[in-house]
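# Structure at a glance
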Amino acid sequence: MSRFSEIIESISFAYKSIVANKLRSLLATLGIVIGISAVTLMQTAIEGINRAFESSISSIGADLLYVQKFEWFGNEDWSVYRNRKDIDFRQFNFLKKNLQSAVGMSASIGSPQTLKYRDLMLQNVLVYGTDAEYQFVTGSNMESGRFFTTREATGGYPVCVIGMDIKEAFFPNSDPLEKNIKIANQTYRIIGVLEKQGSMLGLFSLDNQVLIPIERYIQYISGWNTSLSITVKAANVDKLEETKDEIISIMRKVRKVPYGERNDFGVNQQELFKSTYDQLTSLIKIIGTLITLMALIVGSIGIANIMFVSVKERTKEIGVRKALGAKRSSILMQFLIESSVVCLLGGFIGLLISFPVSLIIDALVLPTVMPIWVIVLALFISLLFGVLAGFFPALKASKLDPVDSLRYE
Amino acid sequence: MSSLIELKDIVKLYIMGAEQLYALNGVSLGIDRNEYVAIMGPSGSGKSTLMNIIGCLDTPTSGEYLLNGRNVSEMEDDELADIRNKEIGFVFQTFNLLPRINALYNVELPLIYSGIPKSKRIEMAEQALVSVGLADRMLHKPNELSGGQRQRVAIARALVNNPSIILADEPTGNLDTKTGDEIMMLLSDLHEKGNTIILVTHEEDIANHADRIIKIRDGVIDEDCASVKSVKSSTGTSE
């Protein structure tokens with residue numbers, strides 16, 4: 001009861017003393033302002049990256065395995081990879097014949113090529129040669145038209161399926177079906193358009209691609225890439241490990257990897273992406289947290305400093321309060337509340353700065369929203385540092401001798 | 001029946017390096033309820049130390065201090081704070097009002113520390129300010145008030161918790177003669193209303209407003225006698 005009215009009184013007094021020393025309070029709180037802005041912006045940015053990642057990762061099927069010449073996130077020396085054999089059709093067919101646990105399998109190979117339609121030209125479009133099963137394995141949907149058939153794929157017919165980016169670039173207002181475009185100077189007939197897939201982490205578009213029959217690719221297009229990528233669809237996500245083990249044993253056999261040697265190929269999956277990504281973001285988080293923690297510590301040292309000055313300046317006031325019956329705890333609380341109010345104010349200002357900045361990031365860099373919990377956390381942190389910064393000055397104030405402090409001028 | 005204040009052989013020893021200084025060296029005295037006492041002495045006599053001990057701002061090195069029958073000399077800081085809050089009203093030479101808050105809020109302060117709810121607090125503080133004649137100055141800040149008015153606010157603050165003792169330390173020291181006289185009249189009024197007043201001063205004129213004068217010299221009581229005023233007129237009315 002009595003504590004409550006004391007707290008109210010302390011808050012209103014803290015407010016008065018902040019207003020009385022506007023500039024000083026503002027300078028004192030600067031460190032906290034910077035710290036809180038940094039904390040909230042970092043969290044907001046990470047939240048934004050996470051969201052972008054989640055939506056990107058879903059474009060890589062969770063039930064898919066990619067058998068490729070290299071691991072996605074290998075960490076061995078380059079010399080280990082340099083002499084690896086390509087994955088060729090013989091291996092693909094052997095795998096296809098022997099793999100029991102998969103429900104589908106597709107080979108593909110691709111490289112960036114130049115596309116032409118009349119006098120329009122697109123460079124660096126990813127051209128993939130693949131088979132008819134590709135559509136089923138990757139679960140691709142058609143915007144219009146159809147995918148190529150097994151006959152077209154194995155016969156090397158000059159047909160192609162284009163991504164949305166190509167349609168938008170070449171045929172903004174017309175139907176692309178049955179039109180002819182040139183890929184690496186060869187003419188292809190468009191038979192289908194893939195549904196829009198979006199972009200990977202907002203960095204590169206997944207729609208900037210063209211699919212052609214794999215036989216055609218091997219005969220007419222030479223890219224830097226000569227090794228097949230085999231996409232295997234497992235029965236379901238739970239069977240992924242089982243399928244992966246089976247693939248490894250078959251691939252080792254067909255590639256003649258001696259017993260005891262390491263795999264000379266990679267079986268990649270979405271999970272790898274995720275764990276690498278998580279490692280990366282947690283590292284960013286740790287570094288970011290350390291830096292902002294430092295800003296907050298420096299900020300609270302500044303506030304502690306100001307509080308010591310304030311205690312010194314108000315020695316007489318402390319004496320008067322003690323003469324009027326203030327207990328040690330009352331004085332302690334008064335100064336703790338004062339530094340907490342200063343820090344909370346800093347936190348608020350920090351949020352006032354970082355919120356518009358987060359809107360700018362949202363508009364210009366990547367879609368992000370400042371989560372409520374970040375705001376709550378920021379205010380909690382400012383309060384915490386307020387209490388930490390205020391503790392020793394407040395303790396000093398509470399221990400002042402009433403006689404001495406009344407005499408202080 | 002015991003006195004309101006009973007000091008028994010109070011000693012206050014300050015040790016400054018190798019030197020020992022007896023600020024008080026065996027002071028014993030009793031003050032009854034509704035007495036008007038002046039403590040006099042030159043500076044360095046120990047009268048301030050005596051006032052601090054009576055006001056529970058300080059504790060004696062040895063000796064016993066009974067206030068209202070309670071032994072104050074062995075209390076902890078927080079207990080002393082409570083005693084100061086409820087039993088003692090201070091009036092200082094330099095007023096010691098808090099500068100950033102208005103008169104009413106200044107008077108409310110002791111009530112905040114005794115945990116009285118806001119509405120009651122305001123009512124009591126207003127009453128105290130009215131009783132010192134500042135009904136129209138309640139919302140002024142100290143720097144908007146004259147010296148005399150500030151001291152009245154301080155007196156209202158001292159009164160507001162109905163303390164057993166009002167302890168006035170050179171209450172007219174920072175005021176001109178006329179204003180000082182007004183303040184002394186106010187204190188006399190309070191005395192007549194039943195308050196116990198202890199006045200600390202070095203001025204003979206001021207001390208003579210009290211009924212009894214205790215003179216301190218070199219840490220001991222030099223003289224404890226009735227004042228000129230109370231000898232002249234036993235009724236104790238003000239001039």
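Reading the values: the criteria
Residues numbered from 1 in each chain as written. Chains lettered and ligands numbered in written order. Predicted model: local features only at pLDDT ≥ 70, side-chain atom pairs only at ≥ 80, totals over all residues. Heavy atoms only, no water. Helix = DSSP H or I, 4+ residues; strand = E, 2+ residues; numbered from the N terminus. Rg over C-alpha atoms; globule rule 2.2 N^0.38 Å. Buried < 20%, exposed > 50% of the residue type's maximum accessible area, 1.4 Å probe, protein only. Contact = heavy atoms within 4.5 Å. Areas by Shrake-Rupley, 256 points an atom, 1.4 Å probe, with all protein chains shown as cover. Axes fitted to C-alpha atoms, helices over the stretch in contact; angles between N-to-C directions. Parallel < 35°, antiparallel > 145°, perpendicular 65-115°, else oblique. Left-handed = near helix turned anticlockwise from the far one by under 90°. Nonpolar A, V, L, I, M, F, W, Y, C, P; charged D, E, K, R; others polar. Pairing = 2+ DSSP bridges. Buried area = accessible area lost by both parts, 1.4 Å probe. Salt bridge = Lys/Arg side-chain N within 4 Å of Asp/Glu carboxyl O. Polar contact = N/O pair within 3.5 Å; in protein donor to acceptor, adjacent residues only side chain to side chain. Domains from an automatic or database assignment. Patch = residues over 30% accessible without salt bridge, like charges linked within 9 Å, V, L, I, M, F, W, Y side chains within 5 Å. Core = buried A, V, L, I, M, F, W, Y, C linked by side-chain atoms within 4.5 Å. Expected span 1.5 Å × (residues − 1).

For the rest of this paragraph, the subject is the overall build of chain A. In terms of helices and strands, chain A carries 14 helices and twelve strands. A compact globule built from 409 residues should have a C-alpha radius of gyration of about 22 Å, whereas chain A, at 33 Å, is more than 25% larger. In terms of overall dimensions, chain A has a C-alpha envelope of 105 × 60 × 40 Å along the principal axes. Here chain A holds 409 residues, and 47% of them are scored as buried. Within chain A, contacts between residues at least 6 apart in sequence are counted, and of these 77% link residues at least 24 apart. A total of about 20300 Å² of accessible surface is found on chain A, and carbon and sulfur atoms cover 62% of it.

Let us look at the packing of helix α11 (residues 315-323) of chain A against helix α12 (residues 328-364) of chain A. All names here are of chain A. Where α11 meets α12, the closest approach of the two axes is 10 Å, and the angle between their N-to-C directions is 140 degrees. Classed by the angle they form, the pair α11 and α12 counts as oblique. Considering the relative orientation of α11 and α12, their crossing is right-handed. Residues Glu-317, Ile-318, Arg-321 and Lys-322 of α11 pack against Arg-328, Ile-331, Gln-334 and Phe-335 of α12. Among the residues forming the contact of α11 with α12, the class breakdown is three nonpolar, one polar and four charged.

Our next topic: the sheet that holds strand β9 (residues 212-217) of chain B. Residue and element names in this part refer to chain B. One open sheet accounts for six strands, arranged β6-β7-β8-β3-β9-β10; its pairing is mixed. Of all strands in the sheet, those with a lone pairing partner are β6 (88-91) and β10 (220-226), marking the two edges. Strand-to-strand twist of the sheet, defined as the mean angle between neighbouring strand axes without regard to direction, takes the value 20 degrees. Taken together, the five bridges between strand β7 (residues 165-169) and strand β8 (residues 196-201) define a ladder with parallel strand orientation. Note that in β8 the partner of Ile-166 across the bridge is Ile-197.

We now examine the interface of chain A and chain B. On the side of chain B, 25 residues touch chain A, which itself brings 28 residues to the contact. Across the chain A/chain B interface, buried area totals approximately 2500 Å², and carbon plus sulfur atoms make up 61% of it. Here Lys327(A) makes a salt bridge to Asp82(B), at a shortest N to O gap of 3.6 Å. The interface formed by chain A and chain B contains six residue pairs in polar contact (both at pLDDT 80 or more). Ranked by residues supplied to the side of chain A that touches chain B, first place goes to helix α1 (residues 2-20) of chain A with nine residues. Grouping the constituent residues of the side of chain A that touches chain B by class yields ten nonpolar, seven polar and eleven charged.

Take the domain arrangement of chain A next. For interface size, the figure often reported is the accessible area lost on association. Splitting chain A by domain gives domain 1 (3-56 + 275-407) and domain 2 (85-264). Computed over C-alpha atoms, the centres of domain 1 of chain A and domain 2 of chain A are 55 Å apart.

Counting through the fold element by element, Ile8(A) comes out in helix α1. Look at Ile8(A) and you get partly exposed, because its relative accessible area is 45%.

Residues and elements named next belong to chain B. Where helix α5 (residues 147-159) contacts helix α6 (residues 177-192), the axes come no closer than 10 Å and their chain directions differ by 20 degrees. Judged on the interaxial angle alone, α6 and α5 are roughly parallel. You can see that α5 and α6 cross each other, and the crossing is right-handed. Residues Gly-148, Gln-151, Arg-152, Ile-155 and Leu-159 of α5 touch α6, and the partners they reach there are Thr-179, Glu-182, Ile-183, Leu-186, Leu-187 and Leu-190. Partitioning the contact of α5 with α6 into residue classes produces six nonpolar, three polar and two charged.

Residue and element names in this part refer to chain B. Reading across from one edge, β2-β1-β4-β5 is the order of the four strands in this open sheet, with antiparallel pairing throughout. The open sheet is flanked by β2 (19-31) and β5 (70-71), the only strands paired with a single partner. In this structure, strand β1 (residues 5-16) lies alongside β2, joined through ten bridges in antiparallel fashion. In the sheet register, Leu-13 faces β2, and the bridge partner there is Tyr-22. On top of the sheet, helix α1 (residues 47-54) reaches β1, β2 and β4 (62-67); it is set at about 120 degrees to β1, its chief contact.

Quick look at a nonpolar patch on the surface now. A contiguous nonpolar surface patch, about 460 Å² in accessible area, is contributed by Ile286(A), Leu290(A), Leu293(A), Ile297(A) and Ile301(A). Looking at where Ile286(A) falls in the secondary structure, it is placed in helix α10 (residues 270-313).

On to the nonpolar core, then. One recurring pattern in soluble globular proteins: nonpolar side chains tend to sit buried together. Core analysis: the biggest nonpolar cluster contains 69 residues, and Ile5(B), Leu50(B), Ile54(B), Tyr65(B) and Leu67(B) have the highest contact counts within it. Discounting chain neighbours no more than four positions away, the residues touching Tyr65(B) are Ile5(B), Glu6(B), Leu7(B), Ile10(B), Ile53(B), Ile54(B), Cys56(B), Arg70(B), Asn71(B), Val72(B), Ser73(B) and Ile165(B). Core analysis: the next-biggest nonpolar cluster, separate from the first, contains 42 residues, Leu65(A), Ala107(A), Ile109(A) and Tyr188(A) among them.

Further remarks concern unusual backbone geometry. Positioned with a positive phi, Glu178(A) is a non-glycine residue whose angle comes to about 70 degrees. By relative accessible area, Glu178(A) is classed as exposed at 53%. Phi is positive for Asn68(B), close to 55 degrees, though the residue is something other than glycine. Secondary-structure assignment places Asn68(B) in the loop between β4 and β5. Classification of Asn68(B) as partly exposed rests on a relative accessible area of 32%.

Turning our eyes to something else, we now look at the pairing of strand β3 (residues 36-40) of chain B. Residues and elements named next belong to chain B. Within β3, five of the five residues are buried, leaving the element largely enclosed by the surrounding structure. Neither face of β3 is open: one carries Tyr-36, Ala-38 and Met-40, the other Val-37 and Ile-39, and all of them are buried. The pairing of β3 with β8 spans five bridges and is classified as parallel. Within β8, the residue paired with Val-37 across the bridge is Ile-198. With four bridges joining them, β3 and β9 adopt parallel strand pairing.

Our next topic: helix α4 (residues 118-131) of chain B. In this model, α4(B) (14 residues) spans 20 Å end to end at C-alpha, consistent with the 20 Å of a helix rising 1.5 Å per residue. Downstream of α4(B) by one or two residues, Gly133(B) has phi in the positive range, about 80 degrees.

Moving on: the pattern of salt bridges. Residues and elements named next belong to chain B. Scanning the entire structure with this criterion turns up 27 salt bridges over all chains. The salt bridge involving Glu-108 is made with Arg-121; its shortest N-O contact spans 2.9 Å. With a gap of 13 residues between them, Glu-108 in helix α3 (residues 103-113) and Arg-121 in helix α4 connect regions that are remote in the sequence. Classification of Glu-108 as buried rests on a relative accessible area of 4%. Accessibility expressed as a relative area gives 4% for Arg-121, which makes it buried. Two residues, Arg-212 and Asp-224, come together in a salt bridge whose shortest N-O distance is 2.9 Å. Here Arg-212, found in strand β9, pairs with Asp-224, found in strand β10; they are twelve residues apart in sequence, far enough to count as distant. Relative accessible area serves as the criterion here: at 14%, Arg-212 is assigned to the buried category.

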